[in-house]
Amino acid sequence: MKMWITSTLTAALLTQGALASSPADGPPDATLRSSSGDEVRLSKWRGKPVILFYEDKDSTTLNAGLKEELFARGKERNLLGSAWVVAVANLRKFDFFPARQIALSYVRDEEKKVGVPILVDLDGTMGSAPWGLPMKTSNVLLLDAQGAVVYRYSGKMKPEEQVAFFSALSTLVGVDLNTPAAPKAPGATP
């Protein structure tokens, strides 16, 4: 029964993702900024699946458990290079002097801590079409290697939603991330 629910959720999510960007329009893209102010297009990360987090400053901890679990499962299965992880900070309410510089400095410090590029959205690009993401919460998206959205969730994920997320990610990376990893052989290096 659990397998059926997981499969059904995955199929529903993948179907929703297919509807999110029609083939005629192509996959969505956005021009954002790096923490140093350079323009960066999301399409830069095509070629591998992308796990995208879009959050405002008050929402960065909503899905902290998912982020920790994502890293743990990726490390456990030696998959950390199988997908890009891209964070986008919604800094729209800080787009004025001197707040902008203070916010960008904070983002640069966070990038160093987490080792993941953090792009900034100063003008609400990700809240506008074609993305239409809520601006005041945590948003988690999975994009396939061509940039099409295959999974999208806004808010704090419950355990069953994390199962759906990992099922969709499993499809993208070709490894089942919902079952425990095989135990390491004695004497094997971690």
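Below is a short write-up of the structure. (Residues numbered from 1 in each chain as written. Predicted model: local features only at pLDDT ≥ 70, side-chain atom pairs only at ≥ 80, totals over all residues. Heavy atoms only, no water.)

Our next topic: the overall build of the chain. A tally of helices and strands in the chain yields four helices and seven strands. Element order for the chain, N to C, with α for helix and β for strand: α-β-β-β-α-β-α-β-β-β-α. Taking all 190 residues of the chain together, the buried fraction comes to 41%. Partitioning the intrachain contacts of the chain with sequence separation of at least 6 by distance along the chain shows that 66% fall at a separation of at least 24. (Helix = DSSP H or I, 4+ residues; strand = E, 2+ residues; numbered from the N terminus. Buried < 20%, exposed > 50% of the residue type's maximum accessible area, 1.4 Å probe, protein only. Contact = heavy atoms within 4.5 Å.)

What follows concerns empty space enclosed by the protein. A complete count under the given rule lists one cavity of 30 Å³ or more for this structure. When its volume is computed, the largest cavity comes out at roughly 60 Å³. Every residue lining the largest cavity is listed: Pro-28, Asp-29, Leu-42, Ser-43, Trp-45, Arg-46, Val-50, Trp-131, Leu-143 and Gly-147. Considered class by class, the residues forming the lining of the largest cavity number six nonpolar, two polar and two charged. (1 Å grid on protein atoms, 1.4 Å probe; cavity = no way out; pocket = protein on both sides within 12 Å on 5 of 7 lines; lining within 4 Å. Points joined across faces, edges and corners; volume = space filled by probe spheres on them. Nonpolar A, V, L, I, M, F, W, Y, C, P; charged D, E, K, R; others polar.)

There is about 1,200 Å³ of room inside the largest pocket. Residue lining of the largest pocket: 41 residues in total, with Phe-53, Lys-67, Ala-87, Val-114 and Val-116 positioned closest to the centre. Every element with two or more residues in the lining of the largest pocket is listed here: strand S3 (50-55), helix H2 (64-76), strand S4 (84-90), helix H3 (99-114) and helix H4 (159-173). Class assignment of the residues belonging to the lining of the largest pocket gives a composition of 27 nonpolar, six polar and eight charged.

Neither face of strand S5 (residues 118-121) is open: one carries Ile-118 and Val-120, the other Leu-119 and Asp-121, and all of them are buried. The pairing of S4 with S5 spans four bridges and is parallel. Among the inter-strand pairings, Asn-90 is bridged to a residue of S5, identified as Asp-121. Following the chain from S4 across H3 to the adjacent parallel S5, one finds a crossover that is right-handed. (Pairing = 2+ DSSP bridges. Right-handed = clockwise from strand over helix to strand, strands pointing away.)

A few words now on the side chain of Ser-34. Checked against the element boundaries, Ser-34 lands in the loop between strand S1 (31-33) and strand S2 (39-41). Look at Ser-34 and you get buried, because its relative accessible area is 13%. Within the structure, Ser-34 has its side chain in polar contact with the side chain of Ser-36 (distance 2.9 Å). If sequence neighbours within four positions are ignored, Ser-34 has contacts with Val-40, Leu-119 and Val-120. (Polar contact = N/O pair within 3.5 Å; in protein donor to acceptor, adjacent residues only side chain to side chain.)

For the rest of this paragraph, the subject is the pattern of salt bridges. One pass over the full model with this rule turns up nine salt bridges. Glu-39 is paired through a salt bridge with Arg-33; the nearest N and O atoms lie 3.5 Å apart. The exposure class assigned to Glu-39 is exposed, which follows from its relative accessible area of 56%. The closest approach of N and O atoms between Lys-93 and Asp-58, which form a salt bridge, is 3.7 Å. In this pair, Lys-93 sits in the loop between S4 and H3 while Asp-58 sits in the loop between S3 and H2, placing the two residues 35 residues apart along the sequence. Residue class for Asp-58 comes out exposed when judged on its relative accessible area of 52%. (Salt bridge = Lys/Arg side-chain N within 4 Å of Asp/Glu carboxyl O.)

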